[in-house]
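A look at the structure
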Amino acid sequence: MTDATSNQMWGGRFAAGPDAIMEAINASIGFDKRLAAQDIAGSRAHAAMLAATGIVKASDAEAMREGLLTVLSEIEGGDFAFSAALEDIHMNVEARLKEIVGPAAGRLHTARSRNDQVATDFRLWVRDQLDAADAGLTALIRALLVQAEAGADWVMPGFTHLQTAQPVTWGHHMMAYVEMFGRDRARVRDARARMNESPLGAAALAGTSFPIDRHMTAEALGFDRPCANSLDAVSDRDFALEFLSVASISAMHLSRFAEELVIWSSAQFRFVALSDRFSTGSSIMPQKKNPDAAELIRAKIGRIFGAQVALMTVMKGLPLAYSKDMQEDKEQVFDAADNWLLSLAAMEGMVGDMTANRDALEAAASSGFSTATDLADWLVRELDLPFREAHHVTGSLVALAEGRGCDLPDLTLADMQGVHGSITEGVFDVLGVRNSVASRTSYGGTAPERVREQIARWTDLLD
């Protein structure tokens, strides 16, 4: 087959035949240039170790370390010319280093391979993203604590099946998300601790015969220790998979909250008002104020879920050690990290800016027979009825109120005694929504005093 025929088969995308096609599929510089800072940090640590162990001359190592800083400055300044012909970030950096410091640059790759180099770079990058996520989650939790403190005793409906269930407090609802995002933060920290081992020095897959000091480079790069098995060190991507797993769970929490904000900000609910900073208008309907930031968070989560599935699929059939398939490990992680961190920042902004409508919350809490469970509990506690009987009596009272178009507190004592003659005036003490939430004093309950205890606990944890 001629090059011309090949080009027709592949279309006009390629200027030449198989060589151009191979370059296009093989090159990763289009995306792995994001690892530049991590690649240069790893190379500087490696050069210092090579000198300390006598593998290269100290003068050569120092020249390489200084030259690498120049390369980093050029990349950060936008003055670096990346080349697809050089395939990846590692070869691009090394080629430019040779132009800066001369033949000494050729000694930098002593006692390492691109296999352990990329594994090190990628771990460093993922570790940085976990640190950023930790900061983002902490900021979001703080914003939720401010909302919870402001509304610790504001009454709102609690829902099951998106139907009114029992009254809760605004503070209690905000604290539910504090717990969720707190677990996300714990998972971030747990994942970071587990992945904080250095692959550098594992070389291609078997280690090296040079007298390297892997503990020195691990310490220089902030790792706790070197990876203990060279085969695993270059072929492991558990750290990236765990990052995506943590991101997926956290993104799911963000999506759940985003869904509530979309519902709550609607004209039918009016529970919250989102600021103009996180809303948009309609091109033809002047009355509209759309919760677009929340909707976009809700949608972006699919990209994060998809990234996890994609990387699991890449890794599932790979024998030890490194295979070129693993070049496909980065783009999904890069995209997931970008969207997770952006979503965290957007949610923090919305929580900080949103205003809860206290009157609408309380009005909704008082509808839908939300104190029916309080009535049943009162019948058990005060009249010593079995709960199933109390449940039946309460259901009959709900049906009576529903038939009259009123709520339970609007029934008279005579109405109630017509259903069960032992009911007393004391029943009205539990039928108001404020009385209901105040009575839920069990640990983790919605009573304002319990909510404030949890706010204090979390404030102490963060501080």
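Residues numbered from 1 in each chain as written. Predicted model: local features only at pLDDT ≥ 70, side-chain atom pairs only at ≥ 80, totals over all residues. Heavy atoms only, no water.

Quick notes on the overall build of the protein chain
Selection criterion: The secondary structure listing takes helices from DSSP runs of H or I that are at least 4 residues long and strands from runs of E that are at least 2 residues long, numbered from the N terminus. Radius of gyration here is computed from C-alpha atoms only, and the compact-globule reference equals 2.2 Å multiplied by the residue count raised to the power 0.38. Here's how the labels work: a residue is buried when its accessible area is under 20% of the maximum for its type, exposed when over 50%, partly exposed in between, all with a 1.4 Å probe on protein chains only. The contact criterion used throughout is that any non-hydrogen atoms of two residues lie within 4.5 Å. For the purpose of counting charges, residues Lys and Arg are taken to be positive, whereas Asp and Glu are taken to be negative. His and the chain ends are not included. All charge positions are set by atom: Lys at NZ, Arg at CZ, Asp at CG, Glu at CD.
Looking only at helices and strands, the protein chain features 20 helices and 6 strands. Its C-alpha radius of gyration of 31 Å places the protein chain more than 25% over the 23 Å reference for a compact globule of 463 residues. Considering only C-alpha atoms, the protein chain reaches an extent of 100 × 55 × 40 Å along its principal axes. Across the 463 residues of the protein chain, 49% fall into the buried class. Within the protein chain, contacts between residues at least 6 apart in sequence are counted, and of these 73% link residues at least 24 apart. In the protein chain, 43 positive and 63 negative side-chain charges are present, and the distance between their average locations comes to 3 Å.

Some points on the pairing of strand β2 (residues 163-169)
To keep things clear, this is the line we draw: Here, a strand pair is defined by DSSP locating no fewer than two bridges between the strands.
Pairing geometry for strand β1 (residues 155-160) and β2, over 6 bridges, is antiparallel. Bridging from a neighbouring strand, G158 pairs with Q166 of β2. The loop that links β1 with its antiparallel partner β2 comprises 2 residues; one of these, H161, has a positive phi angle of about 60°.

Overview of helix α5 (residues 58-76)
The criterion, for reference: A helix is expected to span 1.5 Å multiplied by its residue count minus one. Arc definition: directions from the helix axis to the C-beta atoms.
Under the 1.5 Å per step criterion, the end-to-end length of α5 is 27 Å for 19 residues, consistent within 8% with the ideal 27 Å. Within the sequence span of α5, burial applies to D60, A61, M64, G67, L68, V71, L72, E74 and I75. Mapping the buried residues of α5 onto a view down its axis gives an arc of 155°, with all of them on the same face. Facing away from the buried side of α5 by more than 90 degrees, the exposed set consists of A58 and E76. Just beyond α5, the residue with positive phi is G78, at close to 80°.

Digging into the packing of helix α4 (residues 36-52) against helix α6 (residues 89-101)
Using the following cut-off: Axis lines are fitted through C-alpha atoms, for helices just across the contact stretch, and the angle between N-to-C directions can take any value from 0 to 180 degrees. Throughout this description, any angle smaller than 35 degrees is read as roughly parallel, any larger than 145 degrees as roughly antiparallel, any in the 65 to 115 degree range as roughly perpendicular, and the remainder as oblique. Helix crossings are classified by the rotation of the near helix relative to the far one: an anticlockwise turn of less than a right angle makes the crossing left-handed, while a clockwise turn makes it right-handed. Each residue gets one label: Ala, Val, Leu, Ile, Met, Phe, Trp, Tyr, Cys and Pro are nonpolar, Asp, Glu, Lys and Arg are charged, and the others, such as Gly, are polar.
Contact geometry for α4 and α6: axes closest at 10 Å, N-to-C directions at 60°. In this view, α4 runs oblique relative to α6, as classed from their interaxial angle. Handedness of the crossing formed by α4 with α6: right-handed. Contacts from A36, D39 and I40 of α4 reach α6 at I89, H90 and V93. For the contact of α4 with α6, a count of residues per class yields 4 nonpolar, 1 polar and 1 charged.

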